[in-house]
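# Overview (structure and organization)
Residue-level listing of the chains:
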Amino acid sequence: MSAPANTHNKLFNPCPFNILGEETLRQRKRALSQHGHIGTIQEMYSPDGITLGYYSLKSEKGGSIVFSNQQPFLQLSYTLSGSKSYHVNSGKTILASMGKQQYNYLFFPEQEIQLSWEPEEPLEIFELGVSPELLLNFLPEEHPLFDVFQKSVKDNAPVPLSKNNFPLQANISTILFDMLNCPLEGRYMQLFIKAKTIELLAIQLTHYEQMAGISAKDSSLRKLKKEDVDRMYLARDIITKNINSPCTLIDLSHQVGTNDAYLKSHFKQVFGTTVYGYLQNIKMTHARELLAEGKSVSEVAYLSGYKHTAHFTRAFKKHFGFSPGIMKR
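Every chain begins its residue count from 1, and numbering advances along the sequence as written. A pLDDT threshold of at least 70 governs which residues receive local features in this predicted model, and a stricter bar of 80 or more applies before side-chain atom pairs are shown or counted, although totals over entire chains, interfaces and linings include all residues. Heavy atoms from the whole structure form the basis of all side-chain values; hydrogens and water molecules are not counted.

In the nomenclature of an unreviewed UniProt entry, the chain is known as AraC-type DNA-binding protein of Chitinophaga ginsengisegetis.

Right, dumping it as structure tokens:
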């Protein structure tokens, strides 16, 4: 699956925490076209203890890189399309695997980590590195993630902080693209990146609570039974397979063996968004993939079920924060 090791390390460096001594935000962007790999890479390094990497690529024979961390950090790892896996112990042990529209929290100590991806599969990922100190500034001690994170730091061992990956919510993708396309420069860009990172943490820590069966707004919220969660994942699969001909909430609830009230409530608890919001996220993500493949805006609008290109353009800009024409450029 992998090319030679000396090729891997020249591809890109998925934001290891290496910004000690930096005083200003640094960023780099480059196109990749070598050794059967094509794509785009964007990376930012902030003195605030934040690194952001965006990687959009496709590899003829798959790929694998090994990177060495200079200090421990928390990596918020997002997969928009494709699939990826992290390995430790010289590639012998799988630390975590993520598929399309999933994310997780990964703790990386000072050691080598291997990232791998599949051949001929478009991969689009974000990697957001956060220093332990920054996270602890915003993580309440009573939060269910606190003890897990503290233990990871104490053991100094690589570990996913959640046994299950989380579904990638539309608002999370929007914030990540806002960070990537920040219109500011210098110290104001640094401030913008830090503010957006805090916004992401607020959203994701709330989502973590919800998935753990805890709600900051309603402490009486009970954790869903396994069969209820399974129904919601079945509902998600039905939605995904019928993007351009979605069924009504009542029909969908009947197909998964519940009623529309429970469907709306449980679906949001499991996936952090409404049924419509999830459908819209899938449609917009697919539309972005089509645009990246070179299709025209009008063609993508039609394939996405829009009768008028202007309506599609407004929906796309509302979802991602930038117009589809920017991707074409």
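## Topic: the overall build of the chain
Put simply, DSSP H or I for four residues or longer makes a helix, DSSP E for two residues or longer makes a strand, and each gets a number counted from the N terminus. The secondary structure content of the chain amounts to twelve helices and twelve strands. Each residue is placed in one exposure class: buried if its accessible area under a 1.4 Å probe, protein chains only, is under 20% of its type's maximum, exposed if it is over 50%, and partly exposed if it falls in between. Taken over 329 residues, the chain has a buried fraction of 49%. Taking contacts inside the chain between residues at least 6 apart in sequence as the whole, the part at least 24 apart equals 71%. Split by element, the accessible area of the chain, about 16,300 Å² in all, is 50% carbon and sulfur. Only heavy atoms matter for contacts: two residues are in contact if any of them lie within 4.5 Å across the pair. All accessible-area figures derive from a Shrake-Rupley calculation using a 1.4 Å probe, and residue coverage is judged against the displayed protein chains alone.

## Considerations on the pairing of strand 8 (residues 102-108)
Burial analysis of strand 8 places six of its seven residues in the buried class, the great majority of the element. In the sheet, strand 5 (residues 73-81) pairs with strand 8 via seven bridges, with the strands oriented antiparallel. In the sheet register, Leu74 faces strand 8, and the bridge partner there is Phe107. Across two bridges, the pairing between strand 8 and strand 12 (residues 166-167) is antiparallel. Paired with Tyr103 across the strands is Phe166, a residue of strand 12. Only when DSSP finds a minimum of two bridges between them are two strands counted as paired. As paired strands, strand 8 and strand 11 (residues 159-160) are joined by two bridges and run antiparallel to one another.

## Here's the deal with the side chain of Ser85
Position of Ser85 relative to the elements: it lies in strand 6 (residues 84-88). Residue Ser85 is classed as buried on the basis of its relative accessible area of 13%. Here His87 takes part through its side chain, which lies 2.9 Å from a polar atom of the side chain of Ser85. When near neighbours in sequence (up to four residues on either side) are disregarded, Ser85 contacts Ala96, Ser97, Gln114, Leu115 and Ser116. For this analysis, a polar contact is any N or O atom pair within 3.5 Å, provided that within protein one partner can donate a hydrogen and the other can accept it, and provided that sequence-adjacent residues contribute only side-chain to side-chain pairs.

## Looking at the confidence of the model for the chain
Every residue carries a pLDDT, the predictor's confidence in it, which falls somewhere between 0 and 100. Counting all residues, the mean pLDDT for the chain is 83, and 88% of those residues have values of 70 or more. Low pLDDT, under 50, characterises residues 1-10; the predicted model gives this stretch 17 contacts beyond four residues in sequence or across chains. Note that residues 16-21 has pLDDT below 50 and, in this model, 26 contacts with residues that lie over four places away or in other chains.

## Describing the sheet that holds strand 7 (residues 93-98)
The sheet built from four strands is open, its strands ordered 4-9-6-7 with antiparallel pairing. Edge positions in the open sheet fall to strand 4 (63-68) and strand 7, since each of these has one partner strand only. Going across the sheet, the axis of each strand differs from the next one's by a mean of 20°, ignoring polarity. In the sheet, strand 6 pairs with strand 9 (residues 112-117) via four bridges, with the strands oriented antiparallel. The residue of strand 9 that forms the bridge with His87 is Gln114. Helix axes are fitted to C-alpha atoms over the stretch in contact, other axes to C-alpha atoms as well, and angles between N-to-C directions run from 0 to 180 degrees.

## With respect to the pairing of strand 6
Of all the five residues making up strand 6, five are buried; the element is thus mostly covered by neighbouring parts of the structure. Count of turn residues in the strand 6/strand 7 antiparallel hairpin: four residues, of which Asn89 carries a positive phi of about 55°.

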